Amino acid sequence: MEGRRILLAVTGSIAAYKIPILVRLFVKAKSEVKILITESASHFVSPSVLATLSKNDVFSDFFEGDTWNNHVELGLWAEVMLIAPASANTIAKMAAGLCDNMVLATYLSAKCPVFFAPAMDRDMWKHPATQRNVQMLQSYGNTIIPVQYGELASGLIGEGRMAEPEEIFSVIEKFFSLA
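Just so you know, these numbers come straight off a predicted model, no measurement behind them.

Cut-offs used in this document
- Residues numbered from 1 in each chain as written.
- Predicted model: local features only at pLDDT ≥ 70, side-chain atom pairs only at ≥ 80, totals over all residues.
- Heavy atoms only, no water.
- Buried < 20%, exposed > 50% of the residue type's maximum accessible area, 1.4 Å probe, protein only.
- Helix = DSSP H or I, 4+ residues; strand = E, 2+ residues; numbered from the N terminus.
- Arc of directions from axis to C-beta.
- Polar contact = N/O pair within 3.5 Å; in protein donor to acceptor, adjacent residues only side chain to side chain.
- Axes fitted to C-alpha atoms, helices over the stretch in contact; angles between N-to-C directions.
- Parallel < 35°, antiparallel > 145°, perpendicular 65-115°, else oblique.
- Left-handed = near helix turned anticlockwise from the far one by under 90°.
- Contact = heavy atoms within 4.5 Å.
- 1 Å grid on protein atoms, 1.4 Å probe; cavity = no way out; pocket = protein on both sides within 12 Å on 5 of 7 lines; lining within 4 Å.
- Points joined across faces, edges and corners; volume = space filled by probe spheres on them.
- Nonpolar A, V, L, I, M, F, W, Y, C, P; charged D, E, K, R; others polar.

Draft legend 1. Region of interest: helix H2 (residues 47-54). Those residues of H2 that sit buried are Leu-50, Leu-53 and Ser-54. Buried residues of H2, viewed axially, fall in a sector of 90°; they line one side. Those residues of H2 that are exposed and angled more than 90 degrees off the buried face are Ser-48 and Thr-52. Where H2 begins, the side chain of Ser-46 points an oxygen toward the backbone nitrogen of Ser-48, at a separation of 3.1 Å.

The structure is reproduced here in structure tokens:
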């Protein structure tokens with residue numbers, strides 16, 4: 001994993017609280033991590049924490065002050081793009097090719113393999129529209145990191161939990177070992 005370039009996109013889900021652990025795992029393995037974050041994700045995890053752990057700026061908008069954050073350049077830089085947590089909203093937008101934020105613009109520009117780790121409540125996960133969107137993303141060549149069964153933020157028990165950071169790390173590590 002040393003020297004590998006990972007572009008991590010964080011979207012709006014309570015599971016975003018797990019992302020600092022994942023960033024630390026990548027950094028400890030000597031990977032370079034750049035992070036994109038949606039506005040809603042920033043309510044669940046601090047961009048400052050992610051910037052500190054990754055040792056890189058966190059991108060949330062196309063413009064910051066007088067600087068333009070080039071989503072195309074980020075997509076070309078990455079050897080892997082990982083969207084975790086991938087909310088139902090983001091998955092739907094990815095499947096439809098919508099482009100209303102930095103994460104989606106970068107996803108549509110990415111030339112590298114894309115992995116996504118869904119996270120949502122049980123009924124959202126099981127909804128036919130979500131299942132169709134996940135299948136569509138897979139048909140585009142994206143790789144799903146399967147949801148887990150367990151207690152959800154709503155208090156319900158079922159599928160929809162984002163995979164644990166160690167499991168996500170392992171999937172990406174295995175990808176690079178086979179590359």
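Draft legend 2. Spatial organisation of the packing of helix H1 (residues 19-28) against H2. It is the contact of H1 with H2, at a shortest axis distance of 9 Å, that shows an interaxial angle of 15°. Overall, the two elements H1 and H2 adopt an arrangement that is roughly parallel. In this structure, H1 meets H2 at a crossing whose hand is right-handed. On H2, the residues touching Ile-19, Pro-20, Val-23, Arg-24 and Val-27 of H1 are Val-49, Leu-50, Leu-53 and Ser-54.

Draft legend 3. Fine view of the layout of surface pockets. In this structure, the largest pocket spans a volume of roughly 260 Å³. Residue lining of the largest pocket: 18 residues in total, with Ser-13, Ile-14, Ala-15, Met-120 and Ala-153 positioned closest to the centre. Across the lining of the largest pocket, the residue classes tally to ten nonpolar, four polar and four charged.

Draft legend 4. Here's a closer look at the side chain of Ser-54. With respect to the helices and strands, Ser-54 occurs in helix H2. There is a polar contact of 2.9 Å between the side chain of Ser-54 and the backbone oxygen of Leu-50. Within the local environment of Ser-54, its side chain forms a polar contact with the backbone oxygen of Ala-51, the two atoms lying 3.5 Å apart. If we skip the residues at most four places from it in the chain, Ser-54 touches Val-23, Val-27, Val-33 and Ile-35.

The analysis is restricted to geometry; functional conclusions fall outside its scope.
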